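# Structural description and commentary
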Amino acid sequence: MPTSQDILGHLPAGRVLDVATGSGGFIHFLLEGLKDYTEIIGVDNKERAAAAFEKAFEEKPNIHFQLMDANHLDFDSDSFDLVCISNSLHHFDDPQAVLSQMERVLRPGGYLLVSEMYCDGQTETQMTHVHLHHWWGAVDTVSGVTHHETYRRDELVGLVSGLALKDVAQYDLTDTSDDPRNPEISAELNPVFEQYIQRAEGHPDLQARGEELRQRVAEIGFHSATTLVIIGRK
Ligand SMILES: C[S@@+](CC[C@H](N)C(=O)[O-])C[C@H]1O[C@@H](n2cnc3c(N)ncnc32)[C@H](O)[C@@H]1O
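Here is a short report on the structure shown in this document. (Residues numbered from 1 in each chain as written. Predicted model: local features only at pLDDT ≥ 70, side-chain atom pairs only at ≥ 80, totals over all residues. Heavy atoms only, no water.)

## Points about the sheet that holds strand β3 (residues 63–67)
Here is the rule: Two strands pair under a simple rule: DSSP has to find at least two bridges between them. The helix count covers DSSP runs of H or I at least four residues long, the strand count covers runs of E at least two residues long, and both are numbered beginning at the N terminus. As a rule, the C-alpha atoms of each element are fitted with a line to give its axis, helices using only the stretch in contact, and angles between N-to-C directions run from 0 to 180 degrees.
Strand order across the open sheet formed by seven strands is β3-β2-β1-β4-β5-β7-β6, with mixed pairing between neighbours. If you trace the sheet from one side to the other, it starts and ends with β3 and β6 (166–173), each paired once. Strand after strand, the sheet turns through a mean of 15° between neighbouring axes, direction not considered. Note that strand β1 (residues 15–19) and strand β2 (residues 39–44) share five bridges and pair parallel. Along β2, the bridge assignment pairs Val 19 with Val 43.

## Overview of the site of the ligand
Where we set the bar: Proximity is defined per residue: if any heavy atom of the residue lies within 4 Å of a molecule or strand, that residue is considered near it. Side-chain atoms alone can form a polar contact between residues adjacent in sequence; in general such a contact is a pair of N or O atoms within 3.5 Å, and within protein one must be able to donate a hydrogen while the other accepts it. Note that accessible areas follow from Shrake-Rupley with a 1.4 Å probe, and for residues the cover is restricted to the protein chains shown. Gly is put with the polar residues, along with every residue not named as nonpolar or charged; the nonpolar set is Ala, Val, Leu, Ile, Met, Phe, Trp, Tyr, Cys and Pro, and the charged set is Asp, Glu, Lys and Arg.
Lining the immediate surroundings of the ligand are 16 residues, of which Ala 20, Asp 44, Lys 46, Asp 69 and Ser 86 lie closest. Here Ala 20 contributes a backbone N or O atom positioned 2.8 Å from a nitrogen atom of the ligand. Asn 45 is positioned with one of its side-chain polar atoms (N or O) 3.3 Å from a nitrogen atom of the ligand. The fraction of the free accessible surface of the ligand (600 Å²) that becomes covered by protein chains is 79%. Across the shell around the ligand, the residue classes tally to four nonpolar, nine polar and three charged.

## Some details on the side chain of Arg 216
Inclusion rule: By definition in these notes, contact holds between two residues if any of their heavy atoms fall within 4.5 Å.
By the element assignment, Arg 216 lies in helix α8 (residues 204–219). Beyond its immediate stretch of four places on either side in the chain, Arg 216 contacts Glu 124, Met 127, Thr 128, His 131 and Gly 221.

## Remarks on the nonpolar core
As a reminder, the rule being used: To form a nonpolar core, buried Ala, Val, Leu, Ile, Met, Phe, Trp, Tyr and Cys residues must be joined to one another through side-chain atoms within 4.5 Å. The buried label goes to any residue with under 20% of its type's maximum accessible area, the exposed label to any with over 50%, and the partly exposed label to all in between, with areas taken from a 1.4 Å probe on protein chains only.
Grouped together as the largest cluster of nonpolar side chains are 30 residues, with contacts concentrated most on Leu 17, Val 19, Leu 73, Phe 75 and Met 102. Counting residues per element, the ones that place at least two in this core are β1, β2, β4 (80–86), α4 (95–105), β5 (106–117), α6 (153–161) and β7 (227–233). Top contributing element to this core by residue count: α4, with four residues. Residues contacting Phe 75, with those up to four places away along its chain left out, are Leu 17, Ile 41, Val 43, Gln 66, Met 68, Phe 80, Arg 104 and Val 105.

Structural data, given as structure tokens:
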């Protein structure tokens, strides 16, 4: 599997923007792979993301969080060298609009990066992750939170191809080397099942789907779904 250095090591990453950053999970991948950077800004529209983000990067003076809607990026055009989004496109009703905003704030010659798990071409154990994700999306949706099913690989490629980037590279990241039925996986997922089954109160079909998936994790096992990373130059 390509490493973060293989994917990012050649990028001239001065000023970096991570869109829909959450607690900054993808920034750890950026820090592992980028040769250097001058500033990294993570934006997210959920206020609760800020505290976890700031705690994660409190020792890094050039990494900041800003509360912002990805549909209206409040930055000058052509002002970043690298603009990223990870595991978030399926959280938007209009992902193309978000990608257009990302392209606008990217300088000519800068790089745009999309990293997103996809739902097709997966092994049975990886399909557990896909089904889980779609169940989380369904529970979020009945709770009023926008969260669609994950895309197929060709849909992701199609979304990014709308931007007419140059020198586009694609990397499929798969790791199915761990024991898929390691009891630690069930132990880790159990609190998440509890939380989502509780959130699905009033929707017995969704609660039953959660219990079926809990069973599936124990019987079939779990591996993370393959992630597609697409990088191109503006
Ligand atoms: C699954 S998380 C991904 C977090 C992070 N990028 C990562 O890979 O770990 C999806 C994120 O999208 C954010 N999000 C959803 N709608 C948004 C919007 N309109 N503007 C900014 N962020 C948004 C959510 O708050 C959430 O933090």
